[in-house]
Amino acid sequence: MTDLTSDFLGIKSPNPFWLASAPPTDKEYNVRRAFEAGWGGVVWKTLGEEGPPVVNVNGPRYGVIYGADRRVLGINNIELITDRPLQTNLEEIAAVKADYPDRAVIVSIMVPCEEAAWKAILPRVAETGADGIELNFGCPHGMSERGMGSAVGQVPEYIEMVTRWCKEHYDKPVIVKLTPNITDIRYPARAAHNGGADAVSLINTVSSITSVNLDNFSPEPSIDGKGSHGGYCGAAVKPIALNMVAEIARDPETAGLPISGIGGVTTWRDAAEFLALGAGNVQVCTAAMTYGFKVVQEMISGLSDYLDDKGMTLPELIGRSVPNVTDWQYLNLNYVTKARIDQEDCIKCGRCYAACEDTSHQAITMSADRVFEVQDDECVACNLCVNVCPVEGCITMEELAPGAMDQRTGKPVEPDYANWTTHPNNPASRPAAE
Ligand SMILES: Cc1cc2nc3c(=O)[nH]c(=O)nc-3n(C[C@H](O)[C@H](O)[C@H](O)COP(=O)(O)O)c2cc1C
Ligand code: SF4
Ligand code: SF4
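- Looking at an unreviewed UniProt entry, one finds the protein chain named dihydrouracil dehydrogenase (NAD(+)), with Candidatus Rhodobacter oscarellae as its source organism.
- In the Sequence similarities (unreviewed entry) part of its UniProt record, the protein chain is described as follows: "Belongs to the dihydropyrimidine dehydrogenase family."
- Recorded in UniProt for the protein chain, the comment headed Subunit (unreviewed entry) runs: "Heterotetramer of 2 PreA and 2 PreT subunits."

**A word on the overall build of the protein chain**
Okay, step 1: Secondary structure assignment for the protein chain yields 13 helices and 22 strands.
Okay, step 2: A principal-axis box enclosing the C-alpha atoms of the protein chain has dimensions of 75 × 60 × 55 Å.
Okay, step 3: With 434 residues in all, the protein chain has 43% of them scored as buried.
Okay, step 4: For the protein chain, long-range pairs separated by at least 24 residues make up 70% of all intrachain contacts whose partners lie at least 6 apart in sequence.

**Things to note about the site of ligand 1**
Okay, step 1: Around ligand 1 there are 28 residues in total, and Ala-20, Thr-46, Cys-233, Cys-285 and Thr-286 lie nearest to it.
Okay, step 2: When contributions to the shell around ligand 1 are tallied by element, the ones reaching two or more residues are strand 4 (41-47), strand 6 (72-77) and helix 9 (286-291).
Okay, step 3: Split by residue class, the shell around ligand 1 holds 13 nonpolar, 12 polar and three charged.

**Describing the nonpolar core**
Okay, step 1: Grouped together as the largest cluster of nonpolar side chains are 96 residues, with contacts concentrated most on Val-176, Val-200, Val-245 and Ala-271.
Okay, step 2: The dominant element in this core, judged by the number of residues it contributes, is helix 7 (residues 238-249), at seven residues.
Okay, step 3: Ignoring any residue separated from it by four or fewer positions in sequence, one finds Val-200 in contact with Ile-175, Val-176, Leu-178, Ala-189, Ala-192, Ile-248, Leu-257 and Ile-259.
Okay, step 4: Ranked by size, the runner-up nonpolar core spans 13 residues in total, among them Cys-356, Ala-363, Ile-364 and Cys-379.

**Describing unusual backbone geometry**
Okay, step 1: Looking along the chain, the bond that leaves Leu-202 and enters Ile-203 is cis, with omega of 15°.
Okay, step 2: As for its position among the elements, Ile-203 is in the loop between strand 10 (199-202) and strand 11 (206-208).
Okay, step 3: Residues Glu-220 and Pro-221 are joined by a peptide bond in cis, for which omega reads -5°.
Okay, step 4: With respect to the helices, strands and loops of the structure, Pro-221 is situated in the loop between strand 13 (219-220) and strand 14 (230-233).
Okay, step 5: Positive phi is not limited to glycine here, since Arg-370 has a value of about 60°.
Okay, step 6: Topologically, Arg-370 is positioned in the loop between strand 18 (364-366) and strand 19 (372-374).
Okay, step 7: The exposure class assigned to Arg-370 is exposed, which follows from the 12 C-beta atoms found within 10 Å.

**Considering the sheet that holds strand 11**
Okay, step 1: Read across the sheet, four strands follow the order 5-6-14-11 without closing on themselves; strand pairing throughout is antiparallel. This sheet does not close on itself; its edge strands, each paired only once, are strand 5 (62-66) and strand 11. Geometrically, the sheet is characterised by an average inter-axis angle of 35° between neighbouring strands, direction not taken into account.
Okay, step 2: Across three bridges, the pairing between strand 6 and strand 14 is antiparallel. Opposite Ile-75, over in strand 14, you have Cys-233 as the bridge partner.

**Things to note about the sheet that holds strand 8 (residues 132-136)**
Within a sheet, each strand pairs with its neighbour through backbone hydrogen bonds, oriented either parallel or antiparallel.
Okay, step 1: Reading around the circumference, 3-4-7-8-9-10-15-16 is the order of the eight strands in this closed barrel, with parallel pairing throughout. Averaged over all pairs of adjacent strands, the angle between their axes in this sheet comes to 25°, without regard to strand direction.

**So, helix 3 (residues 115-127)**
Helical geometry: 3.6 residues make up each α-helical turn, so side chains three or four residues apart lie on a common side.
Okay, step 1: Taking 1.5 Å of rise per residue, the 13 residues of helix 3 would be expected to cover 18 Å, and the 19 Å separating its terminal C-alpha atoms lies within 8% of that figure.
Okay, step 2: Among all positions in helix 3, only Trp-118, Ile-121, Leu-122 and Val-125 are buried.
Okay, step 3: For helix 3, the secondary structure elements touched by its buried residues are strand 7 (104-109), strand 8 and helix 5 (156-169).
Okay, step 4: One or two residues past the end of helix 3 sits Gly-129, with phi positive at roughly 85°.

**Considering the packing of helix 8 (residues 268-276) against helix 10 (residues 295-310)**
Okay, step 1: For the pair helix 8 and helix 10, interaxial distance at closest approach is 8 Å and the crossing angle is 60°. Judged by the inter-axis angle, helix 8 sits oblique to helix 10. Seen along the crossing, helix 8 lies across helix 10 with a hand that is right-handed. The segment helix 8 lies against helix 10, with Trp-268, Ala-271 and Ala-272 engaging Glu-298, Met-299, Gly-302, Leu-303 and Tyr-306.
Okay, step 2: Per-class residue counts for the contact of helix 8 with helix 10 are six nonpolar, one polar and one charged.

**Re the environment of Glu-157**
Okay, step 1: With respect to the helices, strands and loops of the structure, Glu-157 is situated in helix 5.
Okay, step 2: Residue classification places Glu-157 among the exposed positions, given that 11 C-beta atoms sit within 10 Å.
Okay, step 3: With 35 residues separating them in the primary sequence, Glu-157 and Ala-192 have C-alpha atoms 9.1 Å apart.

**Overview of helix 6 (residues 186-194)**
Okay, step 1: The set of residues buried in helix 6 consists of Pro-188, Ala-189, Arg-190, Ala-191, Ala-192 and His-193.
Okay, step 2: Elements in contact with the buried residues of helix 6: helix 4 (150-153), helix 5, strand 9 (174-177), strand 10 and helix 7.
Okay, step 3: Residue Gly-196 follows helix 6 closely and has a positive phi angle near 100°.

Reading guide: rules and limits
- Residues numbered from 1 in each chain as written.
- Chains lettered and ligands numbered in written order.
- Predicted model: local features only at pLDDT ≥ 70, side-chain atom pairs only at ≥ 80, totals over all residues.
- UniProt positions renumbered as here; feature names shortened; annotations may be inferred.
- Helix = DSSP H or I, 4+ residues; strand = E, 2+ residues; numbered from the N terminus.
- Buried ≥ 20, exposed ≤ 12 C-beta atoms within 10 Å, placed from the backbone.
- Contact = placed C-beta atoms within 7 Å.
- Near = placed C-beta within 6 Å.
- Nonpolar A, V, L, I, M, F, W, Y, C, P; charged D, E, K, R; others polar.
- Core = buried A, V, L, I, M, F, W, Y, C linked by C-beta atoms within 7 Å.
- Pairing = 2+ DSSP bridges.
- Axes fitted to C-alpha atoms, helices over the stretch in contact; angles between N-to-C directions.
- Expected span 1.5 Å × (residues − 1).
- Parallel < 35°, antiparallel > 145°, perpendicular 65-115°, else oblique.
- Left-handed = near helix turned anticlockwise from the far one by under 90°.

Right under this line is the structure:
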């Protein structure tokens, strides 16, 4: 088994799987059981400032999007930060860290955007012996209306300012957790970097309404007939998170800034994808809430087996895909493929035909006895048929070798890489008029 020992910002953990700040990390009882199940670290449920704790709604907190088999694809929540007293949390954090020195314990914090508030809480967190802090600039509901969470994360200047305060008043690693509810994730990441952050973590939840009750006309979850937007997470948000992680990983202004990847990690494969796109470790919330703490065991064995098969170490996987992420205009326009249907596997459902016919391309024909065939002279190689076919592997995309005739264009496939920047149809590539 490949060693999964992780070193993130000098914080060692037996594996790169941390529980994200959320209900599973809200108390000592949970965190001890999580560590017994195998989690490498936790980010404790976000602490607020001293004083009466926040109050959660007493009705339902979650809205859900299901797959066809009622599998949870995404959860929307309207929960706040911890609603337990600060001192209780701090004592529990200290007790857990003392008993599990080999695991990472990070404390998530969200206090008002005033230096005095951060200065007051940071020494108390430091006393617990925790390995670092995570600044929650991400929650999109409840706290943001009070000027915290994503209200800070949406203003790069605030991020930089608060990060700087934390670096001044706290001497262990500072991780800045980013909100995805922003147009360009590179700006908050750069702000965190400029403020001296040791790392960024992302994503927090996506602002959302999952559904509307069509009897009482309230968004779900419905609290006495009213609903408010919540934060969306789980497998459904993984594509958003992967893109944002990759954007930061390949931005020259944040090059080398460590990233903790969060958002929809459910299996070891999801985790491996985040790592390949530049995350130094991953955090998990919804999968643990849905399947329980032991879900980490599949992640550990799966990632380890994968690395064994590839003959790679964990550090070699981290960032491995980053050089392969590029902008559209640099994609090779001379890479030509065509769809191929395996007639032996085809169950004659006709989905590929309907999709191709009605999407625009009319490149699949259907005979009277339901034989489906690709017409190379119409196939634009979009691969929609591959994606809608219910039989995995039944339709594949075949690359045409250089020199082979592309029936659609009537031209042989060019051997050399060529992209849009130099394409004759690109107005910007034409010589300027005399
Ligand atoms: C019920 C619930 C409560 C959460 N509370 C917090 C929180 O207190 N602080 C925080 O930084 N993130 C919080 N999150 C966000 C998660 O830490 C995580 O960023 C998000 O759920 C995406 O990861 P996932 O797709 O694995 O769930 C919460 C998420 C859920 C579902
Ligand atoms: S790849 Fe696209 S164009 Fe070609 S057959 Fe499939 S759906 Fe039609
Ligand atoms: S979608 Fe797949 S299984 Fe269905 S007809 Fe097309 S090739 Fe056959």
